[in-house]
Every structure is written in structure tokens, then in C-alpha cells.
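Residue-level structure breakdown
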Amino acid sequence: MTQSLMIVMYHYVRPLKGTHYSNLKALELEYFRGQLDFIQRHCQVVRMEEVIAAARGQGSLPPRAALLTFDDGYREHHEHVFPLLAERGLQGSFFPPACAVREGRVLGVNKIHFTLASGANPSGLVSEIFTAMDENRREYDLKDNADYFATYSTESRYDDPEVAFIKRILQKGLPEPLRAPLIDRLFRRFVTEDEKAFAAELYMSTDQLRELQGAGMFIGSHGDQHLWLNTLSPDDQRKEIDDSLDFLAELGVSTRDWVMCYPYGGYNDSLLTLLRERQCALGLTVDMGVADISRNDPLLLPRLDTNDVPHSLEATLQNYGWMQEISANNA
Ligand SMILES: [Zn+2]
């Protein structure tokens, strides 16, 4: 029997209007509230524990099941998301990267987002990145700048070509020893020199995570340093996973039925082998789709981005192919 599960993926959820970083690609808090209304009308929000049981064949999910997942451990999840979920009696699942919480480090991906949202001119950022590439071309055997621009500027759902290029070249396109210091430099110039203070404002504290856990929310692993796990050696993968499990244990989260949320959706065979050894119950990807718990590999569950789900109660379902899929499967 088919057991459809719509897993919704959230990142930033905050009130944006009139704030310092109003350009941040975040879900406006009002839309989140509207989306919860929509989901509660059309779906049944389930708990992670029910999904784990169903994946093991120890129970079944209700029709039109939905699971709410929040990546990256942002403080706004505690401040804005948690109260809304709590008042509606819904469970959210939260995936904080250990190093951001424990060591007060701002993830590279967040440094890029806030640099872009700082008001810095994208064309200016592109030329700064080109300059850094020119200075390091020989050492890292880089191709022409135009080649990189052609590769990384196209086919983005949400960004114009310059912004798409900046994100991708800094997140993945350049060799790590070149891109990490470049990201740091841009963040320090355009956002802040005080990374620790910024991290304290951006991410939840361990106390806040414990509070979520105590209130029945689910906390899972998002790695330690938020790396592309599919690019690491098996030894480095083990370190990332075990450090993140130590962090969960510190929070008082059980590491028996634990859940992995792959940073950037990156996984490969050696990682999946390791996760099976560590008895990981479920893995959440960023592959887009409605999960089928009876059929999917439990370590490779697809999700829908919040932008793929309506943001108001009045939305008509006809525009959403996945919703018909869920309805048909459970008919
Ligand atoms: Zn993430």
C-alpha cells in the first residue's frame, strides 16, 4: 500500500518587511502562518516518530500525511516557528549544524546569503570574485572566468544570473582553500567583523534546542560543519557524522532512532553505508517530490520546498500536481 508523505523543507522563516536584511531569501512569517493554515486544512501533520515507525513497517501513516522540517538551526525557528507550532499542537523537526551552535561559527552558506542581502552590488561582488580568481589562477589551475560564469550563472529557479553565479562559485565552484577565505573576506567587509556575535544572533543556543526537545519537537543531525558530505573521504564523513551525533547526545537527543538531514542534499554510497552502520533511521534529501514511505529507501526521502506549497488557505489545489498525487494515492 502506498503511504504518501509530504515533507516540507524550511530554511529562514522570519518577518522580513522593514528589517535590516529585507532582501534575504526567507519565508515571510505571515506566509508561514498561512501555509500552516493550508496544511492543516488539507493534510495531517505527523510526528517524526510515526514516520520512523511506518518506515519500519510498524504502523501506518494517516492519509495526506505531512512532516515539517527546518534546516540549519536558526534562532528564528525558536523565536517565531516554535510558538506557532506549539499553539497548534504540531511537531516540527529541526536540524542544527553542530559547529554553528557549539563554536559560534557562521556557516559559509550563511555568510554568502547575508553578504548578498547586505546591499552589496552583485556586479561588484562578481568582479571581486573574478579578481581573486585572477590572482590565484596559476596556483589552482583555474579556467577562464567566463567559463565559470557560463557554468554557474544559468538555470536557477530563484536567482538572477549574477546572484546564481556568486552563490554557486562560492558554495562549490572554487577549491575550498580559495573559497573559504574569500567568503570570509566578503562577509567581514559587507556584514560584520564580529562573527561570534553574529552567530549568537543567527543560530539557536543549546538551551533553546533543549527547550524545543523538551516540548516534543524533534532534533536531528545536519552534520558538524555543514559540508558537502558526498565530496569527503569515508574517514572525514565518519568524523562529521560522529561529531554531530556527539552533539545530539549532549542535547539529550536519542542517537538510536536518529534522522540525518544532508547538508545541500549531498550523499553518496560510502555515506549511506556509514549511516546504516550507525543505525540512522531516516535520511532527508533535497530531491524534490512527495515521499512514499512504503517504497522509498528510508535514507533517501525526497522533500518539497516551502515555495512549492501554497502560502494561504484560499489557494486552489489544481495548480499543485503533488497534491493531486497525494489525494489519488490515498483515495
Ligand atoms: Zn543546511
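Everything quoted here is computed from the prediction, not taken from an experiment.

**Regarding the packing of helix α1 (residues 29-42) against helix α3 (residues 75-88)**
Their axes nearest at 11 Å, the elements α1 and α3 cross at an angle of 25 degrees. The angle between the axes of α1 and α3 places the two elements in the roughly parallel class. In terms of crossing hand, the pair formed by α1 and α3 is right-handed. Across the interface between the two elements, Leu29, Phe32, Arg33, Leu36, Asp37 and Gln40 from α1 touch His80, Val81, Leu84, Leu85 and Arg88 from α3. Partitioning the contact of α1 with α3 into residue classes produces six nonpolar, two polar and three charged.

**Here we look at the pairing of strand β8 (residues 258-261)**
Burial of the side chains of β8 extends over both faces: Trp258 and Met260 are buried on one face and Val259 and Cys261 on the other. Pairing geometry for β8 and strand β9 (residues 280-288), over four bridges, is parallel. Its bridge partner being in β9, Met260 is matched across the sheet by Gly283. Once the chain exits β8 it traverses helix α13 (residues 269-277) before rejoining the sheet at β9, and the crossover so formed is right-handed.

**Topic: the domain arrangement of the chain**
Domain annotation for the chain reports domain 1 (4-104 + 203-329) and domain 2 (108-195). Taking only C-alpha atoms, the centre of domain 1 and the centre of domain 2 are 28 Å apart. Each partner contributes to the interface: domain 1 provides 16 residues, whereas domain 2 provides 14 residues. A combined buried area of about 1300 Å² lies between domain 1 and domain 2, and 52% of that area is made up of carbon and sulfur atoms. Contact with domain 2 buries area across many residues of domain 1, yet Tyr21, Lys25 and Trp228 alone supply 38% of it, more than any other trio. At the surface where domain 1 touches domain 2, the tally comes to one salt bridge. Across the pair Lys25 and Asp159 runs a salt bridge whose closest N-O atoms are separated by 2.8 Å. Here domain 1 and domain 2 share six residue pairs in polar contact (both at pLDDT 80 or more) between them. Here the side of domain 1 that touches domain 2 is built from residues that sort into eight nonpolar, four polar and four charged.

How each quantity is defined
- Residues numbered from 1 in each chain as written.
- Predicted model: local features only at pLDDT ≥ 70, side-chain atom pairs only at ≥ 80, totals over all residues.
- Heavy atoms only, no water.
- Axes fitted to C-alpha atoms, helices over the stretch in contact; angles between N-to-C directions.
- Helix = DSSP H or I, 4+ residues; strand = E, 2+ residues; numbered from the N terminus.
- Parallel < 35°, antiparallel > 145°, perpendicular 65-115°, else oblique.
- Left-handed = near helix turned anticlockwise from the far one by under 90°.
- Contact = heavy atoms within 4.5 Å.
- Nonpolar A, V, L, I, M, F, W, Y, C, P; charged D, E, K, R; others polar.
- Buried < 20%, exposed > 50% of the residue type's maximum accessible area, 1.4 Å probe, protein only.
- Pairing = 2+ DSSP bridges.
- Right-handed = clockwise from strand over helix to strand, strands pointing away.
- Domains from an automatic or database assignment.
- Buried area = accessible area lost by both parts, 1.4 Å probe.
- Salt bridge = Lys/Arg side-chain N within 4 Å of Asp/Glu carboxyl O.
- Polar contact = N/O pair within 3.5 Å; in protein donor to acceptor, adjacent residues only side chain to side chain.

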